[in-house]
Structures are given as C-alpha cells and as structure tokens.
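So you can see what is in the structure, the chains are spelled out below.
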Amino acid sequence: MRLILLGPPGAGKGTQAAFITEAFGIPQISTGDMLRAAVKAQTPLGIEAKKIMDGGGLVSDDIIIGLVRDRLQQPDCKRGYLFDGFPRTIPQAEALDRSLEAMGRRLTAVLLIEVPDDVLVQRISGRRICTDGHVYHVDFNPPEQDDVCDVDGNALEQRPDDAPEKVKRRLEVYHEQTAPLEDYYDDLGVLQRFDGTRSPDEVREHISATLSTLRLEESA
Ligand code: AMP
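Our subject in this report is the structure included herewith. (Residues numbered from 1 in each chain as written. Predicted model: local features only at pLDDT ≥ 70, side-chain atom pairs only at ≥ 80, totals over all residues. Heavy atoms only, no water.)

**Considering the site of the ligand**
In the region of the ligand, 16 residues are neighbours, and T31, R36, G57, G85 and Q92 sit closest. Side-chain polar atom of R88 to an oxygen atom of the ligand: 3.1 Å apart, as the coordinates give it. A distance of 2.9 Å is found between a nitrogen atom of the ligand and a side-chain nitrogen or oxygen belonging to Q92. Out of a free accessible area of 480 Å², the ligand has 95% covered by protein chains. Residues belonging to the shell around the ligand are distributed by class as follows: six nonpolar, five polar and five charged. (Near = heavy atom within 4 Å. Polar contact = N/O pair within 3.5 Å; in protein donor to acceptor, adjacent residues only side chain to side chain. Areas by Shrake-Rupley, 256 points an atom, 1.4 Å probe, with all protein chains shown as cover. Nonpolar A, V, L, I, M, F, W, Y, C, P; charged D, E, K, R; others polar.)

Okay, structure coming up:
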C-alpha cells in the first residue's frame, strides 16, 4: 500500500492516518510532523522552517523533497507507507513520481478528504495539541481535564499556525498550491474522494471499504 492523504488543513487527515497505518501496518510519513520535530530539536532546518510554518506558508520544495527521499530509504518503508501533508505542490508530486519510478513502484491510491472552508475554520480554531503530537478538539474531542493531555499529562496548546488569521492564509495556500493536485491525481486515475463533513467513523468506514477493494484488485 503506497498511499497519499490529500485534503485541506483540518479535513481530518491525521485522524484517518492513525487508523490506516494501524490497519495496514505501514508507517505514516507526515512532513508536518517531521518539520515540527526539527523545530523542537532546533536543528538549522527547524530554525529556518519555523518562520515559514508560523506564517502559514509552505517550506521550499527542495527541502521537503530531500526530507522525503531520505525517509523513503528507511527499512520500514519497504511494505508501503502513507503520506500525510505531502505532496503539497505540483513539483513535489512530480519529484515523488520520479522517485517511485526509479524504485519501480507506483501509487496505490490518493485519498482526498473534502471539506468546505467554513467548516474547516471552525474545526481548526478548536484544535489543541500536546508537545508529543496527541491531538484534541475543545468541542469534538475534548481532553478529560481542560488543556491537559489524557495520554501523557503534557500541557495542550494551540499550534501557532492554527491561530485564526493564520488559518485563512493556510486555506488560501491550499487552494492555490495544493488543490491542483486533485486534478493531477485524477488524471493519473488514482484519486478517491471522501466526504470529510461526515463523522470520523463514517469517513473511516468509507476509506476502509475502498482500500479493501483496491487491495483485492491489486492481488487479483
Ligand atoms: P501540517 O502539519 O501538514 O499542516 O504542516 C504544517 C506546516 O508545515 C505547513 O503549514 C507548512 O508550513 C509545513 N509543511 C508541511 N508539509 C509540507 C510540504 N509537503 N510542503 C511544504 N510545506 C510543508
């Protein structure tokens, strides 16, 4: 299974990624998580990326493509992987195509989770995250104790790029730079669409059924 989760910020990609990686025993490759780890470790890349991420823009294609190429060489990627938040631009998608081709591989599917902007704004503004990446929502998935992670007791915070004025910018960036990937992958015949306004369980069931069918087709 070589999968891409595509969709605007707040569509529920992280939630669905958790279930897909567990169900299929494949690693999640989240460029956002990789960048946040670099920011936390204060590596030169992290220090550079932080400014761009905090402003809601996109980190340069060269940096991202380099990160992903290195990650794909890790042994856990042999059985497949799920990209979350990558590719975000046409040049990133083209670079991925070239890497896959060089390895004699192709994508199994691109899973597009569709949600209108007004719903996204409401969802993202309530999102809270702990320093180890556990995600909550003040209305839809609240922690037991306000602002404390149920898993490890860390303080919960709003991601700097989840602040309302940054969210607007991130949605603009999505529509300008990332949405063209919908047509790109549709033309390649690998795009599968999911209604992200449905409940997380409904979206999961729909994705699960689609992936089971694809797996049967691949092994036929
Ligand atoms: P995410 O957690 O996927 O929403 O990513 C958070 C931020 O990291 C984005 O707003 C970008 O600034 C940066 N980022 C993550 N993935 C990419 C990517 N594939 N290309 C460029 N920037 C990215």
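**Structural notes on the sheet that holds strand β7 (residues 156-157)**
Note on sheets: strands pair through backbone hydrogen bonds, and any given pair is parallel or antiparallel. In spatial order, the strands read β6-β5-β7; together these three strands make up an open sheet with antiparallel pairing. Edge strands, defined here as strands with exactly one partner in the open sheet, are β6 (135-137) and β7. Taken together, the two bridges between strand β5 (residues 127-130) and β7 define a ladder with antiparallel strand orientation. By the bridge assignment for β7, I129 is matched with E157. Relative to β5, helix α6 (residues 117-125) is tilted by about 40°, and along the sheet it contacts β5 and β6. (Pairing = 2+ DSSP bridges. Helix = DSSP H or I, 4+ residues; strand = E, 2+ residues; numbered from the N terminus. Contact = heavy atoms within 4.5 Å. Axes fitted to C-alpha atoms, helices over the stretch in contact; angles between N-to-C directions.)

**Focus: helix α7 (residues 164-178)**
Because an α-helix packs 3.6 residues into every turn, residues spaced three or four apart end up facing the same way. Counted at 1.5 Å a residue, the expected span for α7 with its 15 residues is 21 Å, and the 20 Å between its end C-alpha atoms agrees. For α7, the complete set of buried residues consists of V167, R170, L171, V173, Y174 and T178. Viewed along the axis of α7, the buried residues span an arc of 160°, placing them on a single side of the element. Turned more than 90 degrees from where α7 packs its buried face, E165, K168 and E176 sit exposed. Against the buried residues of α7 lie β1 (2-6), β4 (109-114), α6, β5 and α8 (180-187). (Expected span 1.5 Å × (residues − 1). Buried < 20%, exposed > 50% of the residue type's maximum accessible area, 1.4 Å probe, protein only. Arc of directions from axis to C-beta.)

**Comments concerning the packing of aromatic side chains**
Enumeration according to the criterion identifies three aromatic pairs in this entry. Look at F83 and F86: their rings are 5.0 Å apart centre to centre, the planes differ by 55°, and that puts the pair in the tilted class. We note that F83, like F86, is buried. Measuring from ring centre to ring centre gives 5.0 Å for Y184 and Y185, while their planes differ by 90°; the resulting arrangement is edge-to-face. (Phe/Tyr/Trp six-rings, centres within 6.5 Å; stacked < 30°, edge-to-face > 60°.)

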